[in-house]
Amino acid sequence: TKKSSRMKKQGLERMRSTTLIFISTLIVTVRGFAPSTSPPISLLPSTRHHRYWRNNILRVSSETSSSSSSTSEEEEDPLGLTSELRLITDAFASIPDEKTRHKQLLYMASKLPDVEEAVYIPENKVPGCLSTVHVTCDLTDTDKILYRGDSDGLLTKGLLALLVRGLSGSTAEEIQRVNPEFIKEAKISQTLTPGRNNGFLNMLAVMKKKAMEATHADVEATSSSVDTDNMDAADEQKQPDGDETEETNIVTSFDPIDGKPMYNAILSKLIPILKPTYINLVDNSHQHAGHAGSKGWEESGESHFELQITSSAFEELSLVKRHQLIYMLLGDVMEKIHALSIVARTPDQD
């Protein structure tokens, strides 16, 4: 009986080790993570086990990955993650032990591309990190953000590499939605000291800021043009000799709602500059009650909005540029809400 029990226990341990080995292999294959150190020969799976895991686990994972990719296009990620950051988060969460997660971060650090000396300037330094971190970004012709950075601390560099990989290729809007709580879901926070965790939050905050700055710089000229056009239009609307101004369809005011500071702030920032002929803002926060990571929700229960706006300011602007212009005008309001759905049209498109 004792021998049978011991053999059964050894069999369970061998099966558990085999499972962990192939989970690690699965992560390497699907996510591009670091290969684990080879286990003792006695723990390597038999050909039969290998065939089972290859034909079942890898196939199921591939189907799940494909399903999750299509689903992500239809449903909003609960933490506002980009598709790549969601893959990384799920991959880290599937790693069964803290030591392996730590190794994967170090591996990602080793794969972070080198950066030029121009990156190491005070403007690119992340404050509040135990290690020295520099990060910057570029805006592509398709309005995607590409990050570059470096750190003199290996673990911190691994965290930076994770963010660079997870956020690059996304728009500034998508990056702003990312909730830092994903680090807990990925179980990475278990690996970090409070100081490093604070440094991680600072890195993400700086990268969000860099993305907005890069986008704003691209649309500032547009904004200036809009202001000039509005001033010219206002001059043209003035009637000489004290005659009454000709009536127009331009919206010039709105009725503030008590207890809705985010709603009021959005309209008060957009109406004076864009001078819309139509604007409608719907607060859908009740459909996302208790959504984590939204300052607006914490302050007033406001987190999700739908905006429909028609303005001549959008003429000759692509949909992306229209959205970017709105984000720039809203400024710090965007940091307090979780999601803003926008339909921006010109008068000719109504």
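Residues numbered from 1 in each chain as written. Predicted model: local features only at pLDDT ≥ 70, side-chain atom pairs only at ≥ 80, totals over all residues. Heavy atoms only, no water.

1. A look at the packing of aromatic side chains
In plain terms, the rule: Aromatic rings from Phe, Tyr and Trp, with only the six-membered ring used for Trp, were paired whenever their centres fell within 6.5 Å, and each pair was classed as stacked if the ring planes differed by under 30 degrees, edge-to-face if by over 60, and tilted otherwise. Put simply, DSSP marks the helices as runs of H or I at least four residues long and the strands as runs of E at least two long, and each gets a number from the N terminus on. Whether a residue is buried, partly exposed or exposed follows from its accessible area with a 1.4 Å probe, protein chains only, as a fraction of its type maximum: under 20%, in between, or over 50%, in that order.
Here the structure, examined in full by the defined rule, presents 1 aromatic pair. Between Phe 182 and Phe 200 the ring centres are 5.7 Å apart and the planes differ by 70°, which places this aromatic pair in the edge-to-face class. Linking Phe 182 in helix 8 (residues 182-185) with Phe 200 in helix 9 (residues 194-237), this pair joins segments that are 18 residues apart in sequence. Among the residues examined, Phe 200 registers a relative accessible area of 1% and is labelled buried.

2. A look at the environment of Asp 255
Tracing the chain through its elements places Asp 255 in the loop between helix 9 and helix 10 (261-274). Through-space distance from the C-alpha of Asp 255 to that of Leu 267 is 9.5 Å; in sequence the pair is 12 residues apart.

3. Digging into the packing of helix 5 (residues 98-110) against helix 6 (residues 154-167)
Operational definition: Axis angles are defined between N-to-C directions and span 0 to 180 degrees, where every axis is a line fitted to C-alpha atoms and, for a helix, only to the segment in contact. Any angle that is under 35 degrees is reported as roughly parallel, and any over 145 degrees as roughly antiparallel; angles of 65 to 115 degrees are reported as roughly perpendicular and all others as oblique. Contacts: residue pairs with any heavy atoms within 4.5 Å of one another.
It is at 7 Å that the axes of helix 5 and helix 6 come closest, and there the two elements cross at 75°. What the angle tells us is that helix 5 and helix 6 run roughly perpendicular. Side by side, helix 5 and helix 6 meet where His 102, Leu 105, Leu 106, Met 108 and Ala 109 of the first sit next to Leu 154, Leu 155, Lys 157, Gly 158, Leu 159, Ala 161, Leu 162 and Arg 165 of the second.

4. Considerations on the confidence of the model for the protein chain
Put simply, the test is: Per-residue confidence from the predictor is given as pLDDT, running between 0 and 100.
Residues with a pLDDT of 70 or more make up 66% of the protein chain, whose mean pLDDT is 76. Confidence scores differ between elements of the protein chain, with helix 2 (residues 47-55) showing the lowest mean pLDDT of 39 and strand 2 (residues 145-151) the highest of 96. Here residues 17-31 is modelled with pLDDT under 50, and outside its nearest four sequence neighbours on either side it reaches 31 contacts, counting other chains as well. Note on residues 237-247: pLDDT is under 50 here. Beyond four places in sequence and across chains, it has 6 contacts.

5. So, the packing of helix 4 (residues 83-94) against helix 6
Where helix 4 meets helix 6, the closest approach of the two axes is 7 Å, and the angle between their N-to-C directions is 135°. Judged by the inter-axis angle, helix 4 sits oblique to helix 6. For the pair helix 4 and helix 6, contact is made by Glu 84, Leu 85, Ile 88 and Phe 92 and by Leu 162, Arg 165, Gly 166 and Leu 167, respectively.

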